[in-house]
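# Structural characterization, general
Residue-level listing of the chains:
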Amino acid sequence: MKPPTFDYVRPASVAEAIDALAAHPDSKVLAGGQSLIPMMNMRLARPTALVDIGRLDELAGIEANGSLRVGATARQSTVLENEQVGRRWPLITAALVHVGHPATRARGTFGGSIAHGEPASELPAVMLACDARFLLRGGSGEREVAADDFFVGHYTTVLADDELLVQVEVPDPAGSAWGFGEIVRRHGDYALAGAAVRLAVDGDGTVEEARVALFGVSGRPIRATAAEEHLLGTRLGDERAAAEAGRAALSGTEVTDDSFVSATYRHDAAAAVVERALLEAALRRRGTN
Amino acid sequence: MTLESTATDPAATSAASSATTPQQPRPARYVGRPVQRVEDPRLLSGQGRYIDDVALPGMLHAAFVRSPHAHARIVGIDATEALAVEGVVAVYTGKDLDWLAPMVSAGPMREGVLAQSRSPLAVEVARHVGDPVAVVLARSPYLAEDGRDLVDVEWEPLTPVLDPFAALHPDSPLVDEALGTNNISHLEQSAGDVDTAFAEADHVTRIRFHSGRSTAAPIECRGVVAEYEDRAGGRFNVYSSTQMPHLLRMLIAPVLGVSQGQLSVKAPDVGGAFGLKCTVFPEDIVVPAVARMSGRPVKWIEDRWEDLAAGVHSKDMHCSMEIAATADGTMTAFRGHFVTDSGAYSSIPFTPLVDSQVAGVYLSSCYGVQNVAYSIDNPLTNKCQIGAVRGVGWVPGQLAREVAIDQLARSLGKDPVELRLQNMIGPEVYTTPFGQTYDGGSYAAALEKARDAVDYPAFRQRQAQARADGRYLGVGFSPFVEPTGWGTASAAAGGLPNGFFDTASVTVEPDGSVTVTTGLHSHGQGHETTLAQVTADELGVAMDSVRIVFGDTDSSVFGMGTYASRSAVLGFGSIQESAVQVRDRLVRLAAAMLEADDADIELVDGVAAVKGVPGKTVPLQQIALFGYFGGPARPEDVQRDGLTATSGYNPGETYANGCAAAVVEVDVRTGLVSIEQLAAVEDCGVVLNPIIVKGQVAGALANGIGVALLEDLAYEDNGEFVSGSLMHYLYPSTTEVPDLTLHSIETPSAVSVGGVKGVGEAGTISAPAAIVNAVMDALSPFGIVIEKTPMTPEYIRGLVRAAEAAATGPARS
Ligand SMILES: Cc1cc2nc3c(=O)[nH]c(=O)nc-3n(C[C@H](O)[C@H](O)[C@H](O)COP(=O)(O)OP(=O)(O)OC[C@H]3O[C@@H](n4cnc5c(N)ncnc54)[C@H](O)[C@@H]3O)c2cc1C
């Protein structure tokens, strides 16, 4: 439970951080440390140096003009408490309540949760459901990547070694219906299966666009495209359509089968959470309209 | 949390206790009152001093090299690279420790249990993942781990023995060749005529149940700091996060080759133990041994992986349980077979029989069944050792019996509460078929109270309605008897024929302050409060003048430590025996000072007064000063012995009882169980302090929720251990424990001093069976039979899926 030796660098700017990453081969970005430090203590990660971006104010902002822009090191708790986010991007707020615990959210960063690439994390799937875009900056400049293209596999993303996730941009979901659900054995644990859904509906409640994102079921957060197709043209809240979408959610997916939870269970659990998230989306909409 | 308390009829109470307890009624100024815990300000403000706070000059830090294999031969150990690390000072292997005597399990005088001998570092064969094989000493814990990673062990993997039933097979590979068998104990015991009862039964219910593998996982892991001093022929100071300083000293001194006088054990504040820290571990030997060899103090602080992989595991038991009954529901016989998946080593001192045997020997519990039989097997397997953890084998025993009783109720179409009441013993002193003598209890009353707490008839209506809506609610009950206050008599009644010896010393200092020393140990229980309450009442002094000293074999009188819900009973008894003597001297001193008759002196709140003579008083401070230095005017025994007395106490058998009731909802789509209500009725005799009793009951219930739903130490089919962090070994947090409904009943013990009984394990014993029964009740429309804990969502969902498939499968179409 004690990490091996490493160097520690605290850059004063994003540019310095990128230089430091390039200067130290096998270094790692340190943000909130809520995933990285435990991995180092267990000697599962052995970076030679940590580049601590945790105190870079330029990365900590939250802006909500039209779209939502969250700096990578904004703390999860700060985003959770943000009143604008709660009102206009309630799916994010609803999901954040399930990300760890008050203590871990006070340090854990919004960007860290995404960059970490843990397949059972809530935020990555929420980013898929929200059609978010990520701003990355590294030695070879700046680029923008859609959430759909960002996650590669277990703890791997398209981030290069000397690249930082700088900002997350989430479009205004105005008018769309949303639902969120997860199966956990204890509140605040990583999910055995979870779903974040967002649906655009027309005036009489017909689904025009569906984004169904799943976490905890595969090597990375995924879009349940078969379920999404099922939903198009159905009426929001149609129980049969929701059940069908649930059943279809994992078709064509390579489902995680590990020592703790079987693929069979994840199939059943994913079907249930997707169906329930869809019905919840309809209920909520009826409640607010 | 609601707490409601009922005392049994006080007239009946005092009659019951005075019939067997000779002492005068006490002026109960503190006992029974919700006195705030006096240790809390210190502990909650960060002033606790735990094992990791111990720092000795020149101290080195230890890291253990442990087996990654379930079973492997150690071909060679090469420490060259580790020793090359700057700051690594030494590496020792099992061979370097050949000067130690072996650690031998099985208490003295224990028949029917094979004694197993082990070296604290494995020399030839490692027997489970986490088994220590070498130790690295370095200037810092970081460097010690760097060195550990570089110790090169050449392994030759051997076939692991993982299935306890396969381990019992004569052809099985052996976990420990020296024993010639894997089964370290097969015992059978029977009372009445069990075979006839089964032959003549109208109905027989049979179940199998596998109680899962869990452990204590205290917030503070274990730790040992040791130094060796070259004085007086050499002596060890061993700081250890232990529950039993004197017993630890007694058990490790011979292995280290010194007398008990040459070894002191000091337990600082202990951050949770739950029974885990009443085992003697290899590290308790290795750390002092290498302190001696290196000539430097050595510190080892266990990490969470070590705690989970190589501490003690508990409750992994395969049970089969049979009940014979007549058509009207009278249970006529119980028969159980309990196989403990014992792990690689027989734990010291309690052995895995602390699970298997106690499941059997208390099988009749609160039921009047007269024909009872059990057998136990204890196969060694290549897993972590099984040892004592809160609730021990009572938990699987309770699960097996109470799940079977619900099954019987379903088969007979009877109500599970009524069936239990029909078969329950009365409240009076009762001797079980296996010879335990209960000291009176509220067996039926506790069940009735639990039933009322969940509003049973209304619940059944609600349940029917919910089912119509496709929701599955269930209720389960689990009345229990908890053997407490372990001393010689109760241990013998439980099958452990070892002697126990406990003392307390009470001293009134020259200024009237009071110092009590005890061989018990507090690691959360609040002894600094409860034992001070008892002392203050017994002496007639103010509680804040009393200090309770424990935890150091150099400053505390001998005692066996704290575990097995023993300290309320042992503490009260031993303190009272001592305090009575001191009080008697104080009264005679006061009488002399006030020129009154001994019989007329009243000692209250630290002031002696003469009955009926207002204003004629003398404060304790003056009495004490007079007692120490008052010359020939003092009674002779006071001139000789002063104001201190030490007494032992070895109580008769005490048994707490109570009942848990759980209301759950099962989500059949996901297999998740949510506990809507958990009610518990506790009868631990005379309550010393309701705040502390409530804390014990609540904590134990939470533990029981963990056993029922969450906690599982899992091994893969190749013996790999996969539950080595708190991400995978799940215990309940506040979000998994519902608001508890707590009730209490007070049936004073007919035998113990003060009428007290223990309370430490109740909820852990009762809650799991209540929750399992509730889940099975919820799923009764599916005809589902639950056969194991923890009831993971995957397990429950799997059962529902199978039931649904059977219902819609080809057989029906
Ligand atoms: C007890 C506990 C429970 C938890 N439960 C959950 C849960 O239920 N759901 C959940 O989603 N998470 C959970 N977490 C993880 C937590 O949310 C972490 O905060 C999060 O995963 C990582 O964020 P961080 O800021 O702490 O990143 P760090 O731990 O500092 O870094 C994590 C990884 O991301 C990289 N990284 C971080 N920021 C950047 C960046 N801006 N650019 C490039 N790379 C970067 C780091 O190099 C590292 O590889 C839990 C953690 C704990 C300790």
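In this text the structure is predicted, and so the values were computed from the model without any measurement.

### Let's talk about the overall build of chain B
For chain B, the count of helices and strands is 22 helices and 31 strands. Looking at chain B residue by residue over its 813 residues, the buried ones come to 63%. Side chains of chain B carry 57 positive and 96 negative charges; the gap between the two charge centres is 2 Å.

### Remarks on the overall build of chain A
Counting its secondary structure elements, chain A contains 12 helices and 14 strands. Relative to the 2.2 N^0.38 estimate, which gives 19 Å for 289 residues, the radius of gyration of chain A is 19 Å and therefore close to what a compact globule would have. In terms of overall dimensions, chain A has a C-alpha envelope of 55 × 45 × 35 Å along the principal axes. The burial tally for chain A puts 54% of its 289 residues in the buried class. In chain A, of all internal contacts separated by at least 6 residues, the share reaching a separation of at least 24 is 61%. When the accessible surface of chain A is split by element, carbon and sulfur atoms take 47% of a total near 12,200 Å².

### Considering the site of the ligand
Residues and elements named next belong to chain A. Close contacts around the ligand come from 32 residues, with Val29, Gly33, Thr109, Ser121 and Glu122 the closest. Between Gly100 and the ligand, the recorded distance is 3.2 Å, taken from a backbone N or O atom to an oxygen atom. In this structure, Leu165 approaches the ligand through a main-chain N or O atom, which is 2.9 Å from a nitrogen atom. In isolation the ligand offers 960 Å² of accessible surface; the protein chains occlude 89% of this area. Partitioned by chemical class, the residues of the shell around the ligand number 12 nonpolar, 16 polar and four charged.

### Describing the pairing of strand E5 (residues 67–71) of chain A
Residue and element names in this part refer to chain A. Where burial is concerned, most of E5 is hidden: four out of the five residues are buried. Here strand E4 (residues 62–65) runs beside E5; their pairing, made up of four bridges, is antiparallel. Bridge pairing in E5 links Glu63 to Arg69. Connecting the antiparallel pair E4 and E5 is a turn made up of one residue, with Gly66 showing a positive phi of about 75 degrees.

### Section: the domain arrangement of chain A
Here the domain parsing of chain A yields domain 1 (7–52), domain 2 (57–170) and domain 3 (177–281). For domain 1 of chain A versus domain 3 of chain A, the distance between C-alpha centres works out to 35 Å.

### Some points on the interface of chain A and chain B
Contacts between chain A and chain B engage 26 residues on the former and 29 residues on the latter. Taken together, the two surfaces of chain A and chain B that pack against each other cover about 2,500 Å², and 52% of this comes from carbon and sulfur. The interface formed by chain A and chain B includes eight salt bridges. Note that Asp149 of chain B and Arg46 of chain A form a salt bridge whose closest N and O atoms lie 2.9 Å from each other. On the surface where chain A and chain B come into contact, there are 19 residue pairs in polar contact (both at pLDDT 80 or more). When residues in the side of chain A that touches chain B are grouped by element, the largest group, seven residues, is from helix H12 (residues 263–288) of chain A.

### Some words on unusual backbone geometry
Residues and elements named next belong to chain B. Each neighbour pair has its own omega, and for Ile348 with Pro349 the value is 0 degrees, a cis peptide bond. With respect to the helices and strands, the residue Pro349 is situated in the loop between strand E17 (331–340) and helix H10 (353–361). Here Thr789 and Pro790 are connected by a cis peptide whose omega angle stands at -5 degrees. Among the secondary structure elements, Pro790 is positioned in the loop between helix H21 (762–778) and helix H22 (793–808). Non-glycine residue Thr351 carries a positive phi angle of around 65 degrees. Along the chain, the position of Thr351 falls in the loop between E17 and H10. A positive phi angle is found at Asp455, which is not glycine, with a value near 50 degrees. Locating Asp455 in the fold gives a position in the loop between helix H13 (443–453) and helix H14 (456–468).

### Quick notes on the domain arrangement of chain B
Think of interface size as the accessible area that goes away when the parts come together; that is how it is often given. All names here are of chain B. What the domain assignment reports for chain B is domain 1 (51–158 + 221–270 + 276–310) and domain 2 (501–648). The C-alpha-based centres of domain 1 and domain 2 are spaced at 40 Å. Counting residues at the interface gives 16 residues for domain 1, matched by 15 residues for domain 2. Roughly 1,300 Å² of surface becomes buried between domain 1 and domain 2 when both sides are summed, with 55% attributable to carbon and sulfur atoms. The largest share of the area that domain 1 buries against domain 2 comes from Gln243, His246 and Leu247, three residues that together contribute 44% of it. For the pair domain 1 and domain 2, the interface holds two salt bridges.

### Remarks on the nonpolar core
All names here are of chain B. Within the largest apolar cluster, 157 residues are counted, with the highest numbers of intra-cluster contacts made by Phe334, Ile771, Val775 and Ile786. In terms of residues, this core owes the most to one element, H21, which gives 11 residues. Composition of this core by domain shows at least three residues from each of domain 1 (51–158 + 221–270 + 276–310) and domain 2 (501–648). For Val775, the residues in contact, after removing those within four places along its chain, are Val664, Val666, Val673, Ile786, Met791 and Ile796. Core analysis: the second largest hydrophobic core is formed by 48 residues, Met543, Leu570, Val610 and Phe626 among them.

### Some words on the pattern of salt bridges
Using the criterion set out here, one finds 59 salt bridges over all chains in the structure. A salt bridge links Arg43 of chain A to Glu145 of chain B, with the nearest nitrogen and oxygen atoms 3.5 Å apart. Of the two residues, Arg43 of chain A sits in the loop between helix H2 (36–41) and strand E3 (49–52) while Glu145 of chain B sits in helix H4 (residues 141–150), which places them in two different chains. The buried category is assigned to Glu145 of chain B, whose relative accessible area is 7%. The closest approach of N and O atoms between Glu402 of chain B and Arg420 of chain B, which form a salt bridge, is 2.7 Å. Taken together, the residues span a long stretch of sequence, with Glu402 of chain B in helix H11 (residues 394–412) and Arg420 of chain B in helix H12 (residues 416–423) at a distance of 18 residues. Arg420 of chain B matches Glu402 of chain B in its accessibility class, with the two residues each being buried.

### Things to note about the sheet that holds strand E12 (residues 223–229) of chain B
Residues and elements named next belong to chain B. The strand order E4-E8-E2-E15-E12-E13-E14 describes an open sheet built from seven strands, whose pairing is mixed. Taken across any chain shown, the strands that pair with only one partner, and hence form the sheet edges, are strand E4 (88–93) and strand E14 (263–266). Strand-to-strand twist in this sheet, taken as the mean axis angle between neighbours without regard to direction, amounts to 20 degrees. With two bridges connecting them, strand E2 (residues 60–66) and strand E15 (residues 298–301) associate as parallel partners. Residue pairing across strands places Leu60 opposite Val298, the latter belonging to E15.

### Examining the pairing of strand E30 (residues 672–683) of chain B
The side chains of a regular strand alternate, first on one face of the sheet and then on the other. All names here are of chain B. For E30, a buried count of nine out of 12 residues is recorded, marking the element as mostly surrounded by other parts of the structure. Where strand E29 (residues 654–667) meets E30, 11 bridges bridge the pair, whose relative direction is antiparallel. Of the residues in E30, the one forming a bridge with Val664 is Ile675. Linking E29 to E30, which pair antiparallel, is a turn of four residues; within it Gly671 sits at a positive phi near 75 degrees. Note on the crossover from E30 through helix H20 (residues 690–710) to strand E31 (residues 740–746): the handedness is right-handed.

### As for helix H1 (residues 14–23) of chain A
Residues and elements named next belong to chain A. Every buried residue belonging to H1 is among Val14, Ala17, Ile18, Ala20 and Leu21, and all of these are buried. All buried residues of H1 fall inside an arc of 160 degrees around its axis, so they share one side. In this structure, H1 carries Asp19, Ala22 and Ala23 as exposed residues pointing more than 90 degrees from its buried face.

Calculation criteria
- Residues numbered from 1 in each chain as written.
- Chains lettered and ligands numbered in written order.
- Predicted model: local features only at pLDDT ≥ 70, side-chain atom pairs only at ≥ 80, totals over all residues.
- Heavy atoms only, no water.
- Helix = DSSP H or I, 4+ residues; strand = E, 2+ residues; numbered from the N terminus.
- Buried < 20%, exposed > 50% of the residue type's maximum accessible area, 1.4 Å probe, protein only.
- Lys, Arg positive; Asp, Glu negative; His and termini not counted.
- Charge placed at Lys NZ, Arg CZ, Asp CG, Glu CD.
- Rg over C-alpha atoms; globule rule 2.2 N^0.38 Å.
- Contact = heavy atoms within 4.5 Å.
- Areas by Shrake-Rupley, 256 points an atom, 1.4 Å probe, with all protein chains shown as cover.
- Near = heavy atom within 4 Å.
- Polar contact = N/O pair within 3.5 Å; in protein donor to acceptor, adjacent residues only side chain to side chain.
- Nonpolar A, V, L, I, M, F, W, Y, C, P; charged D, E, K, R; others polar.
- Pairing = 2+ DSSP bridges.
- Domains from an automatic or database assignment.
- Buried area = accessible area lost by both parts, 1.4 Å probe.
- Salt bridge = Lys/Arg side-chain N within 4 Å of Asp/Glu carboxyl O.
- Core = buried A, V, L, I, M, F, W, Y, C linked by side-chain atoms within 4.5 Å.
- Axes fitted to C-alpha atoms, helices over the stretch in contact; angles between N-to-C directions.
- Right-handed = clockwise from strand over helix to strand, strands pointing away.
- Arc of directions from axis to C-beta.

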